[in-house]
Amino acid sequence: MTNADLKGLYRSSVADTYARYDLCIERGSGATCWDFYGRDYIDFSAGIGVNSLGFSDPGWAEAVSAQLFKLQHTSNLIYTEPCARAASLLAGRASMSKAFFCNSGAEANEGALKCARKYSRDRYGEERHTVVTLSNSFHGRTLATLAATGQEAFHRHFGPFPEGFAYAPPNDLEGTLGALGDGVCAFMIEMIQGEGGIVPLDGEYVAAAVRHCRERDILVIVDEVQSGVGRTGSLFCYERYGIAPDIVTAAKGLGGGLPIGAILFSERTASVLGVGDHATTYGGNPAACAGALHVLGRIDGAFLAEVARKGESIRGRLRGFPGIGEVGGEGLMIGATLRGPSARGVVDAGVREGVILLTAKDRLRLLPPLTITDAEIDEGLGRLHTALKGAIA
Ligand SMILES: *Cc1c(COP(=O)(O)O)cnc(C)c1O
């Protein structure tokens, strides 16, 4: 297969729903990958925050293959070990009570929304069902999670959308408290808006909004699909805000490259969904859970300190780069405003220079594998510097 053959097969056979880069990848190792001609690329995208341990990490691949040779799937009607161990480890380390495993971020958020609606209905009746999310948020591509996404661009084409969603202005306490009134069952937030452009929430704003929710028994759902599993230098980003959410969702980096999502329930919400209320065929799949167990086993204090150090170093160096304005984010979840070149223009120039980048709205976004080495960072940043010069010229 050549790069050209592959692109032809896509053109004729794969639904045309992505603005793909001019890039075909055959194999990878760490934060480096190669196309069909053997040309190397430094990966600052981690498959959109998924490959937390980089490409085909040997320890991870061994743990997953060992599980594949032992038992790849049963139904959820049967007890299996990887699901139980992954749930215990993930919920325990997040100071949550229980976990439900599913297959994606949107699916985790769907389950979280169902749980919040049922919690409120059981206590206060059907009318109290509104979920407040933030403007500029992103929560997924199913109908309900599109409705939850606070961006008009996502509310086209597919109506009617599920009812019962309202939007509050992020980091505007008065506006947010105004939205969190009667009829509201849950407040759903990303601690750092990812697709929205790497926009962090203020600590004081979050603390006050969560206090308001507590006083009114409004559930707090934290969507950590992008920011979770070590990405920002703590296992979950909300830990650094000192809040105790009622529901947390995770996905992207959790399986190290295998599809898995998780809903974490606090004690208050752990028994809201009972037998028959929620299910998914692949959820808790032993192979996906073996991947998650390996990823979680690798993320200890020293690992997280390295994520924070590498993120600081990248942000510091980016600030002096041509065409780069404000640089923000936490750990290895990094966003930068561009002065002049378009975000997509920089991504395309990056591919030509051998570095894989992401955009978030009109900003440049970097989500490198958490295990990226200093040498790979140096090489990738050098290529990004050249790409920026090219995109400006
Ligand atoms: C990516 C993302 C989702 C959707 O996850 P999928 O696995 O694509 O369904 C939801 N919320 C946030 C914050 C995300 O970044």
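In this convention, every chain numbers its residues from 1, walking through the sequence in written order. The predicted origin of the model limits local features to residues at a pLDDT of at least 70 and limits the giving and counting of side-chain atom pairs to 80 or more, whereas totals for whole chains, interfaces and linings rest on all residues. For side-chain calculations, the full set of non-hydrogen atoms in the structure is used, while hydrogens and water are omitted.

### Overview of the overall build of the protein chain
For the protein chain, the helix and strand inventory stands at 12 helices and 17 strands. Taken over the C-alpha trace, the protein chain has a radius of gyration of 21 Å; the compact-globule value for 393 residues is 21 Å, and the two agree within 12%. Among the 393 residues that make up the protein chain, the fraction classed as buried is 53%. When the 38 basic and 44 acidic side-chain charges of the protein chain are each reduced to a single mean position, those positions are 1 Å apart. Strands are runs of DSSP state E lasting at least two residues, helices are runs of H or I lasting at least four, and both sets are numbered from the N terminus onward. Within these notes, the globule rule equals 2.2 Å times the number of residues to the 0.38 power, and the radius of gyration is based on C-alpha atoms. Burial status follows relative accessibility: with a 1.4 Å probe on protein chains alone, a residue under 20% of its type maximum counts as buried, one over 50% as exposed, and anything between as partly exposed. Neither His nor the chain ends contribute to the count of charged residues, in which Lys and Arg are positive and Asp and Glu negative. In plain terms, the charge of a residue is placed at NZ if it is Lys, CZ if Arg, CG if Asp and CD if Glu.

### Topic: the site of the ligand
To be near a molecule or strand, a residue needs just one of its heavy atoms within 4 Å of it. Around the ligand, the structure places Ser104, Gly105, Ala106, Asn109, Phe138, His139, Gly140, Glu190, Asp223, Val225, Gln226 and Lys252. Here a polar contact is recorded for every N or O atom pair within 3.5 Å, except that within protein the pair must consist of a potential hydrogen donor and a potential acceptor, and residues adjacent in sequence are included only if both atoms are side-chain atoms. For the ligand, an oxygen atom lies 2.6 Å from a polar atom in the side chain of Lys252. In this description, accessible areas are obtained by the Shrake-Rupley approach with a 1.4 Å probe, and a residue is regarded as covered only by the protein chains that are shown. Surface burial for the ligand is 82%, taken as the share of its 380 Å² of free accessible area covered by protein chains. In terms of residue count, the dominant contributor to the shell around the ligand is helix α5 (residues 105–124) (three residues). Any residue that is not Ala, Val, Leu, Ile, Met, Phe, Trp, Tyr, Cys, Pro, Asp, Glu, Lys or Arg is counted as polar, Gly included; the first ten are nonpolar and the last four charged. Broken down by class, the residue content of the shell around the ligand amounts to three nonpolar, six polar and three charged.

### A look at the environment of Ala287
For Ala287, the location among the structural elements is in helix α9 (residues 286–298). With a relative accessible area of 8%, Ala287 lands in the buried category. As a C-alpha pair, Ala287 and Ser65 span 222 residues in sequence and 7.9 Å in three-dimensional space.

### Digging into the sheet that holds strand β15 (residues 355–356)
In this description, strands pair whenever DSSP reports at least two bridges between them. Strand order in the open sheet made by the four strands is β1-β2-β3-β15, with mixed pairing throughout. Each edge of the open sheet carries a strand with a single partner, namely β1 (27–29) and β15. Note that β1 and strand β2 (residues 32–34) share three bridges and pair antiparallel. What sits directly across from Gly28, in β2, is Cys33.

### Some thoughts on the sheet that holds strand β12 (residues 261–265)
What holds strands together in a sheet is hydrogen bonding between their backbones, with the strands either parallel or antiparallel. What the seven strands build is an open sheet, ordered β4-β12-β11-β10-β7-β5-β6; its pairing is mixed. The sheet terminates laterally at β4 (98–102) and β6 (165–168), the two strands that pair on one side only. Here the average twist between neighbouring strands, direction ignored, is 20°. Contacts from helix α4 (residues 81–93) reach β4 and β12 within the one sheet, and its direction differs from that of β4 by about 125°. What counts as an axis is a line fitted to C-alpha atoms, over the stretch in contact for a helix, and the angles between N-to-C directions run from 0 to 180 degrees. Here a residue-residue contact requires only that any non-hydrogen atoms of the pair lie within 4.5 Å.

### A short note on the layout of surface pockets
It is a probe the size of a water molecule, rolled over the atoms, that shows where empty space is left. Definitions used throughout: a 1 Å grid over protein atoms alone; a cavity as a set of points that fits a 1.4 Å probe which cannot get out; a pocket as an open set with protein on both sides within 12 Å along at least five of seven lines; a lining residue as one with an atom within 4 Å of a point. Grid points are joined across faces, edges and corners, and a volume is the space filled by probe spheres set on the points. If you add up the space inside the second largest pocket, you get close to 950 Å³. Taken together, 28 residues form the lining of the second largest pocket, with Asn76, Cys83, Ala99, Phe100 and Phe101 sitting closest to its centre. If you list the elements that add at least two residues to the lining of the second largest pocket, you get α4 and β4. For the lining of the second largest pocket, the element with the most residues is β4, which contributes four residues. Tallied by class, the residues present in the lining of the second largest pocket amount to 15 nonpolar, 12 polar and one charged.

### A few points about the pairing of strand β11 (residues 247–250)
Where burial is concerned, the two faces of β11 agree: the one with Ile247 and Thr249 and the one with Val248 and Ala250 are both buried. Where strand β10 (residues 219–223) lies against β11, three bridges are found, and the strand directions are parallel. Along β11, the bridge assignment pairs Asp223 with Thr249. Taken together, the four bridges between β11 and β12 define a ladder with antiparallel strand orientation. Its bridge partner being in β12, Ile247 is matched across the sheet by Phe265.

### Examining the pairing of β12
Where burial is concerned, most of β12 is hidden: five out of the five residues are buried. Neither face of β12 is left uncovered, since the one carrying Gly261, Ile263 and Phe265 and the one carrying Ala262 and Leu264 both have all their residues buried. Relative to β12, β4 runs antiparallel, the two sharing five bridges. The partner of Cys102 across the bridge, within β12, is Gly261.

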